[in-house]
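Inside the fold
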Amino acid sequence: MKPIKGFSKLNKEEKIDFLVNHVFKGDKNAKKTLLSFWHNNPDSQKIFDEFSENTLSNYYFPYGIVPNVHLNGKIYCVPMVIEESSVVAAAAKASNFWLKRGGFHAEVQGTTKVGQVHMIWPGNPEDLQKLFNDKKVELLNQMVAPLTVNMEKRGGGLTNIELRDKTDLEPGYYQIWCEFETCDAMGANFINTVLEAIGHSFKEMVRKAFNGPDSDLQIVMAILSNFTPNCRVKAWVECPIEDLNDPAHGMGPQEFAEKFARAVRIAKIDISRATTHNKGIYNGIDAVILATGNDFRAIEACGHTYASRHGRYQGLTDCFIENGMFRFELDIPMSLGTVGGLTTLHPLAKLALDMLGRPSARELMMIVATTGLAQNFAALRSLTTSGIQRGHMKMHLMNILNQFSATEEERIKAKAYFEKDMISFQSVRDYLTQLRDVQ
């Protein structure tokens, strides 16, 4: 097809018609499918359309819950948005397991967020540092204060600002390093607005202070960082080792605890396992992040960077067996919000926060981390006992049956047939073929 000009100026139906005519080669079913996922309320659809650009329709994911999440003495129903089979079931199973063993515990380690003004300046580093120190109060009082006044009323604002010399890494490279507290807001727009004002103002200060080429300070960019190691939460479970006893494990509690702990250690020493280990944690975390209208991409990027903080990529959870006690914990950074953005605009995100009792950002951090820990516990429990496929494929069976357009009668028979047998795409296809041949 040829490039199209002005596509963004077309209305939604015109965009769809263009795709039908030029991409789907006249297939009217494509248009029918896209239209079928429009919201039946035009006002609601308008909200969804304005979340992004060049929108055509809505893309549905299952919206489920995990009940009985016992966290810090309180019971939550935790909403999850995810398409992967067995994730919600696994989190629910782990929650029920720990419900009888003291529940989950969590605490916020810090809520500091970071932003940087990246600059290039050719002059003497000591001269720039002296100017920054001399002008710092003026910068804060005249340029920053009007932008932070509302956030400060809520207990937040710019909490630290400093000039960092990075010229050993890149010629002429400096940063204005800023730390923020944004309370219940994720705060990206607030942080970026403050950073741009700081950059513009400091550039003017340099221009007035120096003559010749030294007056030319280049602002490369002013932007928040999604790496927030000091905006962090810890979640954990612990109990006497004998309380881990469960006939489903097929082994005694001591053997289970030691095997489980070894699996956690393997994720610390082997990068291939660590990647999958952490992916399982984010199965739980991302699902709650999506349900509550937060940015799962930023959360994941930060977490994976944090997993590499010791110079190599490692699993994010730890397990300890000491003095007859078993402890499994997750210490992880995440920057969340419960006000503003999609948390306010998306009807189901608002409902999710209502379901959780309208938590603060700190409380939501603890809930999300707990869900990630529950997910990881469930995965490691399966891996070290019955194996991951038994539970996972049982949940996946319905998806395979749907791909083969199984009838309700066939679904019931297949579910009974595969109660104990190994499930695979091929085995389900063979079973349905045999069943249909008999009929």
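Relevant structure appears above.
What comes next is a walk through the structure. (Residues numbered from 1 in each chain as written. Predicted model: local features only at pLDDT ≥ 70, side-chain atom pairs only at ≥ 80, totals over all residues. Heavy atoms only, no water.)

Observations concerning the overall build of the protein chain
The condition is simple: In this description a helix means any DSSP run of H or I spanning at least four residues, a strand means any run of E spanning at least two, and both kinds are numbered starting from the N terminus. Only protein chains enter the accessibility calculation, which uses a 1.4 Å probe; a residue whose area is less than 20% of its type maximum is buried, one above 50% is exposed, and one in between is partly exposed. A contact between two residues is defined here by any heavy atoms of the two lying within 4.5 Å. Only the protein chains shown count as cover for residues, with accessible areas throughout obtained via the Shrake-Rupley method and a probe of 1.4 Å. Only four residue types enter the charge count, namely Lys and Arg as positive and Asp and Glu as negative; His and the chain termini do not. Think of each charge as sitting on NZ of Lys, CZ of Arg, CG of Asp or CD of Glu.
Secondary structure assignment for the protein chain yields 15 helices and 10 strands. Seen through its C-alpha atoms, the protein chain measures out along the principal axes to roughly 90 × 70 × 40 Å. The buried share of the protein chain, taken over its 439 residues, is 46%. Taking the contacts inside the protein chain whose residues are at least 6 apart along the sequence as the reference set, 70% of them involve residues at least 24 apart. Here the protein chain displays about 22700 Å² of accessible surface, and carbon together with sulfur accounts for 52% of that area. The average position of the 49 basic charges and that of the 50 acidic charges among the side chains of the protein chain differ by 4 Å.

What about the state of the cysteines?
Test applied: By definition, disulfides here are pairs of cysteine sulfur atoms that lie within 2.5 Å.
Per the counting criterion, the structure on display carries zero disulfides. Not part of a disulfide, Cys183 finds its nearest cysteine sulfur in Cys231, a span of 11 Å. Between Cys302, a free cysteine, and Cys231, which holds the nearest cysteine sulfur, the sulfur-to-sulfur gap is 7.9 Å. Residue class for Cys302 comes out buried when judged on its relative accessible area of 2%.

Some details on the environment of Asn226
Mapped onto the elements, Asn226 comes out in the loop between strand E7 (218–225) and strand E8 (231–240). Put simply, Asn226 and Pro79 are 147 residues apart on the chain and 24 Å apart in space, counted from C-alpha to C-alpha. Not counting residues up to four positions away in its chain, the partners in contact with Asn226 are Met186, Ala298 and Cys302.

Let's talk about the sheet that holds strand E4 (residues 113–120)
Note the cut-off: Two strands pair if DSSP finds at least two bridges between them. With axes taken as lines fitted to C-alpha atoms, and helix axes fitted only over the stretch in contact, angles between N-to-C directions fall between 0 and 180 degrees.
Reading across the sheet, the four strands line up as E5-E6-E4-E7 and stay open at both edges, with antiparallel pairing between neighbours. Looking at which strands have only one partner, the edges of the open sheet turn out to be strand E5 (157–165) and E7. Taken pair by pair, the neighbouring strands of this sheet meet at an average axis angle of 15°, ignoring direction. Along the sheet face, helix H5 (residues 125–153) touches E5 and strand E6 (173–181) and points at about 160° away from the line of E5.

A few points about the side chain of Ser57
Assignment of secondary structure puts Ser57 in the loop between helix H3 (42–49) and strand E1 (63–71). Those residues in contact with Ser57 that lie beyond four places of it in its chain are Leu34, Phe37 and Trp38.

Focus on the packing of H5 against helix H6 (residues 188–209)
The test is simple: What makes a crossing left-handed is the near helix being turned counterclockwise from the far one by less than a right angle; a clockwise turn instead makes it right-handed.
Between H5 and H6, whose axes approach to 9 Å, the crossing angle comes to 145°. Seen along the crossing, H5 lies across H6 with a hand that is right-handed. Contacts between H5 and H6 involve Leu128, Leu131, Phe132, Lys135, Glu138, Leu139, Met143, Val144, Leu147, Thr148 and Met151 from the former and Phe190, Thr193, Val194, Ala197, Ile198, Ser201, Phe202, Met205, Val206 and Ala209 from the latter.

Remarks on the packing of helix H7 (residues 253–269) against helix H8 (residues 271–291)
The following threshold applies: By definition in this entry, angles of less than 35 degrees are roughly parallel, angles greater than 145 are roughly antiparallel, angles of 65 to 115 are roughly perpendicular, and the rest are oblique. The classification used treats Ala, Val, Leu, Ile, Met, Phe, Trp, Tyr, Cys and Pro as nonpolar, Asp, Glu, Lys and Arg as charged, and all other residues, Gly among them, as polar.
The contact between H7 and H8 brings their axes to 6 Å, and the two run at 115°. Overall, the two elements H7 and H8 adopt an arrangement that is roughly perpendicular. Here the hand of the crossing between H7 and H8 comes out left-handed. On H8, the residues touching Ile266, Ala267 and Ile269 of H7 are Ile271, Arg273, Ala274 and His277. Among the residues making up the contact of H7 with H8, the classes are represented as five nonpolar, one polar and one charged.

Examining the sheet that holds strand E10 (residues 325–333)
Spatially, the four strands line up as an open sheet ordered E3-E8-E10-E9, and their pairing is antiparallel. At either end of the open sheet lies a strand with only one pairing partner, and these are strand E3 (105–111) and strand E9 (317–322). Sheet twist, expressed as the mean angle between neighbouring strand axes with direction ignored, is 20°. Both E3 and E8 contribute to a ladder of six bridges, which runs antiparallel. Paired with Glu107 across the bridge in E8 is Lys234.

Quick notes on the pattern of salt bridges
Defined as follows: Here, a salt bridge means any side-chain nitrogen of Lys or Arg that lies within 4 Å of a carboxyl oxygen of Asp or Glu.
All told, the structure shown has 18 salt bridges when counted by the stated rule. The closest approach of N and O atoms between Glu13 and Lys31, which form a salt bridge, is 3.5 Å. Here the residue Glu13 occupies a position in helix H1 (residues 12–22), and Lys31 occupies one in helix H2 (residues 28–36), the gap between them amounting to 18 residues. A residue is classified by how much of its surface remains accessible, and Glu13, at 37% relative accessible area, is partly exposed. With a shortest N-O distance of 2.9 Å, Glu162 and Arg164 are connected by a salt bridge. Owing to a relative accessible area of 25%, Arg164 belongs among the partly exposed residues under this scheme.

Side note on the packing of aromatic side chains
Using the following cut-off: Aromatic rings from Phe, Tyr and Trp, taking only the six-membered ring of Trp, are treated as a pair when their centres fall within 6.5 Å; an angle between ring planes under 30 degrees marks them as stacked, one over 60 as edge-to-face, and anything in between as tilted.
This model, assessed by the stated rule, comprises 17 aromatic pairs. Ring centres of Tyr59 and Phe61 lie 5.5 Å apart, and the angle between their planes is 65°; on these two criteria the pair is classed as edge-to-face. Here the aromatic rings of Phe180 and Phe190 are separated by 6.0 Å at their centres, their planes lie at 80°, and the arrangement is edge-to-face. Of the two residues, Phe180 sits in strand E6 while Phe190 sits in helix H6, which places them 10 residues apart along the sequence. Given the relative accessible area of 0%, Phe180 is considered buried.

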